[in-house]
Amino acid sequence: MKVANRLRGLEQSALGAMTVRCQELGALNLAQGLSLVPPPASLLAEGARDFQHVGHSYSRPEGLAVFREAVSDKVKRRTGLSVEPATQVLATVGATGALMATLTALLDPGDGIILFEPFYGNYLPSLRMLDLRPEPVRLAGPDFAITEEPLRAAVGGRTRAMILCSPNNPSGHRLTAAELEIVSAVAEEHDLLVISDEVYEDIYFGPAPHLAAATVGNLKERTVTLGSLGKSFSVPGWRLGYAYGPEPLISAIRIAADALVVCAPAPLQELGARALNLGEDYYRDLRAMYDRKRRTLAEGFAAAGLSPNEPEGSYYLYVDCSRMGVPTGVEAAELLLASSLVGTVPGEAFHLTAPDRPYVRACFSLPDDVIAEAVSRLVRGV
Ligand SMILES: Cc1ncc(COP(=O)(O)O)c(C=O)c1O
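All values reported here derive from a predicted model rather than from experimental measurement.

### Observations regarding the pattern of salt bridges
For the structure on display, the rule yields 23 salt bridges. Where K293 meets D368, a salt bridge forms, and the shortest distance between an N and an O atom there is 2.7 Å. Taken together, the residues K293 in helix α12 (residues 280-303) and D368 in helix α14 (residues 368-381) connect sequence positions 75 residues apart. Using a relative accessible area of 5% as the deciding quantity, one classes K293 as buried. Ionic contacts of the salt-bridge type, sharing partners, join the residues K74, R78, E201, D202 and E280 into one network.

### Considerations on the site of the ligand
Taken together, 13 residues lie around the ligand, and T96, D197, Y200, S228 and K231 are the ones closest in. Within the contact set of the ligand, an oxygen atom lies 2.8 Å away from a backbone nitrogen or oxygen of A95. At 2.7 Å from an oxygen atom of the ligand is found a side-chain nitrogen or oxygen belonging to Y200. Protein chains bury 93% of the 400 Å² of accessible surface belonging to the ligand in isolation. Broken down by element, the shell around the ligand gets its largest block of residues, 3 residues, from helix α5 (residues 94-106). Residues that form the shell around the ligand fall into these classes: 6 nonpolar, 4 polar and 3 charged.

### Remarks on the sheet that holds strand β9 (residues 307-308)
Pairing within the open sheet is antiparallel, and its 4 strands lie in the order β9-β10-β13-β12. In this open sheet, the two strands that pair with only one neighbour each are β9 and β12 (345-346). Here strand β10 (residues 316-320) pairs with strand β13 (residues 359-363) via 5 bridges, running antiparallel. Pairing of D320 across the sheet is with Y359, part of β13. Here helix α13 (residues 329-340) sits on the sheet in contact with β12 and β13, set at roughly 50° to β13.

### Some points on the packing of helix α2 (residues 41-50) against helix α11 (residues 266-276)
Between two packed helices, both the angle of their axes relative to each other and the distance between the axes serve to describe the pair. Their axes nearest at 10 Å, the elements α2 and α11 cross at an angle of 150°. Judged by the angle between their axes, α2 and α11 are roughly antiparallel. For the crossing formed where α2 meets α11, the hand is right-handed. Counting all contacts with α2, which are made through L43, E46, G47, R49 and D50, the residues of α11 involved are L271, R274 and A275.

Criteria and thresholds
- Residues numbered from 1 in each chain as written.
- Predicted model: local features only at pLDDT ≥ 70, side-chain atom pairs only at ≥ 80, totals over all residues.
- Heavy atoms only, no water.
- Salt bridge = Lys/Arg side-chain N within 4 Å of Asp/Glu carboxyl O.
- Helix = DSSP H or I, 4+ residues; strand = E, 2+ residues; numbered from the N terminus.
- Buried < 20%, exposed > 50% of the residue type's maximum accessible area, 1.4 Å probe, protein only.
- Near = heavy atom within 4 Å.
- Polar contact = N/O pair within 3.5 Å; in protein donor to acceptor, adjacent residues only side chain to side chain.
- Areas by Shrake-Rupley, 256 points an atom, 1.4 Å probe, with all protein chains shown as cover.
- Nonpolar A, V, L, I, M, F, W, Y, C, P; charged D, E, K, R; others polar.
- Pairing = 2+ DSSP bridges.
- Contact = heavy atoms within 4.5 Å.
- Axes fitted to C-alpha atoms, helices over the stretch in contact; angles between N-to-C directions.
- Parallel < 35°, antiparallel > 145°, perpendicular 65-115°, else oblique.
- Left-handed = near helix turned anticlockwise from the far one by under 90°.

Structural data, given as structure tokens:
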């Protein structure tokens, strides 16, 4: 039986391949962003107690009111933005479901979408499924900030949208107001849709709070923001996320989401609403935990003679492996695997064009003992 052309070349991602290699070799898997830290204890206890009492049928396509209200409240607390729960918020099957529904609802086959390199690798198959055209803009390390000229140069006659990701996977960069002003000006000039992936909004380091794209310039009018409970509450398997934005866009996305998946998991929306309402202490502890983990793992890479970045957010290190003397991230990841039994993702997985240095990405959303073992293997191995 014929398989659709759009699947060509998508058989196995670099990340999937590394996970299989890690299993074969008994290596530590720092490749996949698995969120292997415990979810909030109160959430699990209440979930276990109340699961039989929550609704188990479908929710409406836009999600349960209690969930959308909790999203709206959190958006208000975090960003000061007022989003109407009834019309501007949608519960989705993870941020991935929100992205697929957004692309399906608002773009046509052949439309171009700006992707800033390095980008979250899953954007590519999502675009491919819908015959959308990635248009890469290379950002330069070590800070990977957006600048005006390369962005302007990339916008062409078919460009209809761009995807932002802040805090960024894999670079750890957080977009500043100045960068978002540039994005706002270019998006307005070319009437572009902006999709802002903010799934790591709660995982950042340093005193400055998360800056939502929709709060800057005129971006609010043209931005669909994606969120995920998977990252903030370490429950990626719940497949629960959300999108918020202007009413006409959310209304169209709701129709696409309904056609794609009917609704997000309804019983988990009830529990998810409680998670979204957790107090600021929870988020402070989450950040402190990740700050500790990132420092420990970074010390391991540095002790091994490599150059980890200092991420401003997300739960990944982006490590410059130039000192290994190999030209590509693919070779660096192979060497790390062979010499230290530590699995990472080559930087090439986050690029359409070749990265200028041999980068690998390492996830630190892992238990402390796994990170300690990774550090000891790195120090002994490389
Ligand atoms: C930047 C980014 N966006 C989206 C996702 C997917 O989120 P979800 O599991 O909610 O679909 C991930 C997961 O790793 C991610 O890193």
